[in-house]
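Coordinate inspection notes
Okay, here's what each chain looks like letter by letter:
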Amino acid sequence: MEDQAIALKALGEQIAVCPKCALSKTRTRAVPGEGNPDADIVFIGEGPGFHEDQQARPFVGAAGKFLDELLASIGLNRKDVYICNVIKCRPPNNRDPLPGEIEACKPWLEEQLGVIKPKVIVTLGRFSMTRYFAGQAISRIHGQPRRVEGVMVVPMYHPAAALHQASLRRTIMEDFKKLPGLVQDVLAKEQESEPVEPEAVQMQLL
Ligand code: URA
């Protein structure tokens, strides 16, 4: 935990001064991400908006308020999970991230995930979904966990979309309800496949 916190902090400091794409010239502050360095669940959004860019914190605007509610609905809060974005700097006027910007930012996200090693990754919206499920439609695959590169990934609608469309609000709430059980399943499977310690075998034989 301590080592993970140190590694994430060091990454955050590098991200804060990252010069790798043109967004570095227009950002107020980069938004590396925040939360539990040893989180079971990592949420990946799209990119910082106005408030995030001002505060250097992810999901602090209206969509973030809804994300807080969604977390509370499953008994969690921001400190339990890790929250970050596909791109770490705000695109001007909140336009969609460009492919080159996503590509330039990709190593930061990969390094963060490599440090945290979450049990479950939740993608929020289509830009983070594409990282794991290229060419798929969110309307078809939302809420359906799938193992990708050894990690369980659940694509979900972006909370901002749910704010604009009431029916999606219910959908994303239902999808969130699956998360605690999914984390438990992954943990149980990992324990099943862990090699039994010789001491434990001896105890069983006694
Ligand atoms: N939307 C995102 O995708 N990320 C944020 O950090 C805020 C809003």
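What comes next is a walk through the structure. (Residues numbered from 1 in each chain as written. Predicted model: local features only at pLDDT ≥ 70, side-chain atom pairs only at ≥ 80, totals over all residues. Heavy atoms only, no water.)

Turning to the site of the ligand, a few remarks are in order. By nearness alone, every residue bordering the ligand is listed as G45, E46, G47, E52, P58, F59, N85 and H158. One of the backbone N or O atoms of G47 is found 3.1 Å from a nitrogen atom in the ligand. In the environment of the ligand, an oxygen atom lies 2.8 Å from a nitrogen or oxygen atom belonging to the side chain of H158. In the complex, the protein chains occlude 90% of the 230 Å² of accessible area that the ligand would expose alone. Judged by the proximity of its atoms to the pocket grid, the ligand belongs to the largest pocket. Residues belonging to the shell around the ligand are distributed by class as follows: 2 nonpolar, 4 polar and 2 charged. (Near = heavy atom within 4 Å. Polar contact = N/O pair within 3.5 Å; in protein donor to acceptor, adjacent residues only side chain to side chain. Areas by Shrake-Rupley, 256 points an atom, 1.4 Å probe, with all protein chains shown as cover. 1 Å grid on protein atoms, 1.4 Å probe; cavity = no way out; pocket = protein on both sides within 12 Å on 5 of 7 lines; lining within 4 Å. Sits in = over half its atoms within 2 Å of the grid points. Nonpolar A, V, L, I, M, F, W, Y, C, P; charged D, E, K, R; others polar.)

The subject of this paragraph is helix α9 (residues 166–177). The end-to-end C-alpha distance of α9 is 18 Å, a good match for the 16 Å that 12 residues give at a rise of 1.5 Å each. Buried within α9 we find L168, I172, D175 and F176. All buried residues of α9 lie within an arc of 100° about the axis, which places them on one face of the element. Turned more than 90 degrees off the buried face of α9, the exposed positions are A166, R170 and K177. (Helix = DSSP H or I, 4+ residues; strand = E, 2+ residues; numbered from the N terminus. Expected span 1.5 Å × (residues − 1). Buried < 20%, exposed > 50% of the residue type's maximum accessible area, 1.4 Å probe, protein only. Arc of directions from axis to C-beta.)

A few words on empty space enclosed by the protein. In this structure the tally under the stated criterion is 1 cavity of 30 Å³ or more. The volume enclosed by the largest cavity comes to roughly 100 Å³. As for the largest cavity, its lining consists of 14 residues, of which C18, C21, R27, C89 and C105 are closest to the centre. Looking at the lining of the largest cavity, the elements with two or more residues in it are α2 (23–26) and α5 (99–116). No other element matches the 4 residues that α5 contributes to the lining of the largest cavity. Among the residues forming the lining of the largest cavity, the class breakdown is 9 nonpolar, 1 polar and 4 charged. (Points joined across faces, edges and corners; volume = space filled by probe spheres on them.)

Counting residues in each nonpolar core, the largest one holds 54 residues, and the members touching the most others are F43, I44, V120, F176 and L179. If one sorts the elements of this core by residue count, α5 sits on top with 6 residues. Setting aside its immediate chain neighbours within four residues, L179 contacts I41, F43, I74, V120, V122, V154 and M156. (Core = buried A, V, L, I, M, F, W, Y, C linked by side-chain atoms within 4.5 Å. Contact = heavy atoms within 4.5 Å.)

Scope: geometric values only; no functional claims are made or implied.
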